[in-house]
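Per-entry structural report
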2 protein chains.
Amino acid sequence: MKKMTASQFRQASGSSFGQTNNGILDEKVLRIISDVQKNGDTALLRLTEELDGIRLRTLQVTEDEFQEAEASVSDSFHTALRTAGKNIETFHAGQMEQSWFMNPDLGVTLGQKVSPIERVGVYIPGGKASYPSSVLMNIIPAKLAGVKDITVTTPPDEHGNISPHVLAAARVAGADTVYKVGGAQAIAALAYGTETIKKAFKIVGPGNTYVARAKKWVFGDVAVDMIAGPSEICIVADETANPAFAAADLLSQAEHDEQARPLLVTPSSHIADAVQGEISRQIEKLERKKIIRQSLDQNGRMIVTESLAEALDIANLIAPEHLQLMIREPFENLAAITNAGAIFLGNYSPEPLGDYAAGPNHTLPTSGTAAFSSPLGVYDFMKKSSIIHYQRDALRNVSETVTSLAKAEGLTAHAQSIQIRKDENDAKTDD
Amino acid sequence: MKKMTASQFRQASGSSFGQTNNGILDEKVLRIISDVQKNGDTALLRLTEELDGIRLRTLQVTEDEFQEAEASVSDSFHTALRTAGKNIETFHAGQMEQSWFMNPDLGVTLGQKVSPIERVGVYIPGGKASYPSSVLMNIIPAKLAGVKDITVTTPPDEHGNISPHVLAAARVAGADTVYKVGGAQAIAALAYGTETIKKAFKIVGPGNTYVARAKKWVFGDVAVDMIAGPSEICIVADETANPAFAAADLLSQAEHDEQARPLLVTPSSHIADAVQGEISRQIEKLERKKIIRQSLDQNGRMIVTESLAEALDIANLIAPEHLQLMIREPFENLAAITNAGAIFLGNYSPEPLGDYAAGPNHTLPTSGTAAFSSPLGVYDFMKKSSIIHYQRDALRNVSETVTSLAKAEGLTAHAQSIQIRKDENDAKTDD
């Protein structure tokens, strides 16, 4: 990992325009979306044959397939799913929001009604890996929010099968239906509906570049969760950090893929060197060491700061997806942290704990977007409606305010809607 | 307004793909964005000369300009601004969110830290009309959330001036800086920063198609509020509705622009006819009757249903920006409403009241997006970070869950990050 000072790091970081037209990729994605809009299930089956190499007869996973999957996974995996599921539910229950109202004046009731989104689509990546943890993390908050219909789409393998781990997790989490379809075509189906797949109002879940790009295109017609970039960890360590632990955590982040960003920020040059030594020692034993080495070489950074305060400043500048505070007083320093997806405190709260089992969501804002967005949560599956009730006299009291502002904006029919009620009111009062 | 049955209306409504590539408009917008990214203030000044017809020397509104604006608006306008501002603040204070934590098990602390977004950009349209109410509605919730830096951009007129109403409102609401720049160039400046304008982390506020498209393109690099479509009102009326009031409210909605959608849904054909009669009578006196007539003819609908329950179902299908319940028991029927931006109850809570003075936000989801999104609120200017702290023994208790799931996903370095702590733990326990 490259070692540098805080000011060197500040100079090297800057914002780039990542969201412009993406040429051929966009063309392909837009063609797929319009194909699915026009041809529905026929397009889905054809595209699945072309892109996933399997001619399916039906898209929906059957009850038999579910039971087979559940029978094929180990007992210990089942137990792990249930434990993780329980912890995820406990934490997310803390996010539940209530409708409320207030009476700020005589004759005035204002409020906010909270209601679940009716139908949600969850995309789960397939291919070589399987992500049962993503199934739990995306579905459980939606269930808690009261979403009535949760549809999962995930690409089949070349034999037309879905990972049994994913199916077992979908069952534990409470998905209503699982369809064997992936890529941009799955996002199009969820956004606009087909004969088989009902239109969703929000689409969540991770995916490859096709999926991410399709989500960007359908955004607006339907809500989407964040468009995730490469995963990252930022460990802020002082001399109380265990270097072997910090190294293991940086390595775990690096194994995701070559783009993953493992960062260590420390006021202690000694700790930086000790972590570097542990990385060299531990990496040899790891299965995915080729990916890890590339991630560390290309994106890994050790930033040595003047002080702990400067290290925390750098963390805020990075706005990391995962922030580990391996420092003497992690709780006491929380006030200094303004930008982070999830904050892990102390030597015994490693990032993989949050990925799988602690309870908070592992779908987190990446690439600095923690400066303006939040972990996936129950609040992502609910929406609010404002409530306004004025009695006749209360409206009269505020009518000059409304008409003055409406007239300043040249909207005289707006003023008239108030005036017609005032005239009636005055007529009655004159009685 | 066209009169139809509920089933005719259902058949005519369907989803369309509105978010695809937009040809020439997108080309122009992308060229402007990359111009501003490359050339900063120089590009802003050049584009303002080209597009707004004024060569400015500086972009920032001066203290002298503010004072001149404040002196030029009427006392009654000032009073209206302050009354509306107070009401907006009172309602939005109800939306404040608290950080929280829980201790679900011995040795486990989980939580959610809520913090304001650091810098926010607010776009306010200019041109012929001026929108002081939008200034209040966008800035006050951001202030309440604790946003440190609120930058307003708004296009200058051909003399290089900004509406005094807008400047007076910016002062009341508490904007930090106002810049004279509009269009896609303003959005690019807020998204990426220039020498003068600091990069914002979120951009909010209404705008024309250039602004809306630019917001769609920068989305992801920066957060944006909703991309608003034409304004709409849906009045659900029974025989207790005052037809003259309902007509005035439909007309007020129609005056926004030709695309505005005024809808009446009623189980009473008699009420539909009475409202129609009132519309014909009232329209003649209105200044903007040309726009109103086009809106009514093209987009106005009177939907006559079998029952009140069906009328409420139709309202949920429409998911209107503004929903007026002019019915006998509006509160009692709130439970049946699942999709609406703002809900106005009874005969004395007309939509223009909410536009200007009631308190709830007038930035609302349009075009059916209330099915999955919420009014602008304090929550739009805050973000959450998850907090995870496990003590050593607590981590050991959950270690099998983590390693079982990590191994199922093929992420063995993740499992190792837990294992290395367990090994140390076991070694200590053996002591």
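Conventions we followed
Residues numbered from 1 in each chain as written. Chains lettered and ligands numbered in written order. Predicted model: local features only at pLDDT ≥ 70, side-chain atom pairs only at ≥ 80, totals over all residues. Heavy atoms only, no water. UniProt positions renumbered as here; feature names shortened; annotations may be inferred. Helix = DSSP H or I, 4+ residues; strand = E, 2+ residues; numbered from the N terminus. Buried < 20%, exposed > 50% of the residue type's maximum accessible area, 1.4 Å probe, protein only. Contact = heavy atoms within 4.5 Å. Polar contact = N/O pair within 3.5 Å; in protein donor to acceptor, adjacent residues only side chain to side chain. Pairing = 2+ DSSP bridges. Axes fitted to C-alpha atoms, helices over the stretch in contact; angles between N-to-C directions. Right-handed = clockwise from strand over helix to strand, strands pointing away. Buried area = accessible area lost by both parts, 1.4 Å probe. Salt bridge = Lys/Arg side-chain N within 4 Å of Asp/Glu carboxyl O.

- Looking at an unreviewed UniProt entry, chain A carries the name Histidinol dehydrogenase, with the source organism given as Lentibacillus juripiscarius.
- Heading Function (unreviewed entry) of the UniProt record for chain A holds this comment: "Catalyzes the sequential NAD-dependent oxidations of L-histidinol to L-histidinaldehyde and then to L-histidine."
- What the UniProt record of chain A gives under Catalytic activity (unreviewed entry) is the line "L-histidinol + 2 NAD(+) + H2O = L-histidine + 2 NADH + 3 H(+)".

What to know about the UniProt feature "active site" (unreviewed entry) in chain A
Residues and elements named next belong to chain A.
- Taken from the UniProt record, the annotation "active site" (unreviewed entry) applies to Glu321 and His322.
- With respect to the secondary-structure elements, Glu321 resides in the loop between α12 (308-318) and β12 (322-326).
- In this structure Glu321 comes out as buried when scored by relative accessible area, which is 6%.
- With residues up to four places along the chain from it excluded, the contact list for Glu321 reads Pro230, Ser231, Glu232, Gln253, Gly341, Ala342, His362, Leu364, Pro365 and Thr366.
- Within polar-contact distance, the side chain of Glu321 engages the backbone nitrogen of Glu232 at 2.9 Å.
- Its place among the elements puts His322 in strand β12.
- Residues within four places of His322 in sequence aside, it is in contact with Ser231, Glu232, Ile233, Cys234, Gln253, Ala342, Phe344, Glu351, Asp355 and Leu364.

Observations regarding the sheet that holds strand β11 (residues 301-304) of chain B
- Here we have 9 strands laid out as an open sheet, ordered β2(A)-β3(A)-β14(A)-β13(B)-β12(B)-β9(B)-β10(B)-β11(B)-β1(B), and mixed in their pairing. With partners counted over all chains shown, the strands left at the sheet margins are β2 (100-105) of chain A together with β1 (2-5) of chain B, one partner each. Between one strand axis and the next, the sheet turns by 20 degrees as a mean value, whatever way the strands run.
- Bridge analysis of strand β9 (residues 232-237) of chain B against strand β12 (residues 322-326) of chain B gives 5 bridges, and the strand direction is parallel. Paired with B:Ile233 across the strands is B:His322, a residue of β12(B).
- Those strands touched by helix α9 (residues 243-254) of chain B are β9, β10 (261-266) and β12 of chain B, and its axis lies near 165 degrees from that of β9(B).

Digging into the pairing of strand β4 (residues 119-123) of chain B
Residues and elements named next belong to chain B.
- In terms of burial, β4 is a largely internal element, 5 of the 5 residues being buried.
- Side chains Arg119, Gly121 and Tyr123 of β4 all project onto a buried face; the interleaved residues Val120 and Val122 project onto the opposite face, where all are buried too.
- Of the pairings in the sheet, the one linking β4 to strand β5 (residues 149-154) comprises 5 bridges and is parallel in character. If you follow Gly121 over to β5, its bridge partner there is Thr151.
- After leaving β4, the chain enters helix α5 (residues 132-145) and then returns to the sheet as β5, a path that is right-handed.
- Alignment of β4 against strand β7 (residues 202-204), held across 3 bridges, turns out to be parallel. Of the residues in β7, the one forming a bridge with Gly121 is Ile203.

Some thoughts on the side chain of B:Thr266
Residue and element names in this part refer to chain B.
- Structurally, Thr266 can be placed in strand β10.
- You can call Thr266 buried: its relative accessible area is 1%.
- Excluding its chain neighbours within four sequence positions, the residues that come into contact with Thr266 are Ala237, Ile271, Ala272, Ile303, Val304 and Thr305.

Quick notes on the interface of chain A and chain B
- Counting residues at the interface gives 131 residues for chain A and 130 residues for chain B.
- Together chain A and chain B conceal approximately 11,100 Å² of surface at their shared face, both sides included; 63% is due to carbon and sulfur atoms.
- Applying the counting rule to chain A against chain B returns 2 salt bridges.
- Where chain A meets chain B, there are 53 residue pairs in polar contact (both at pLDDT 80 or more).

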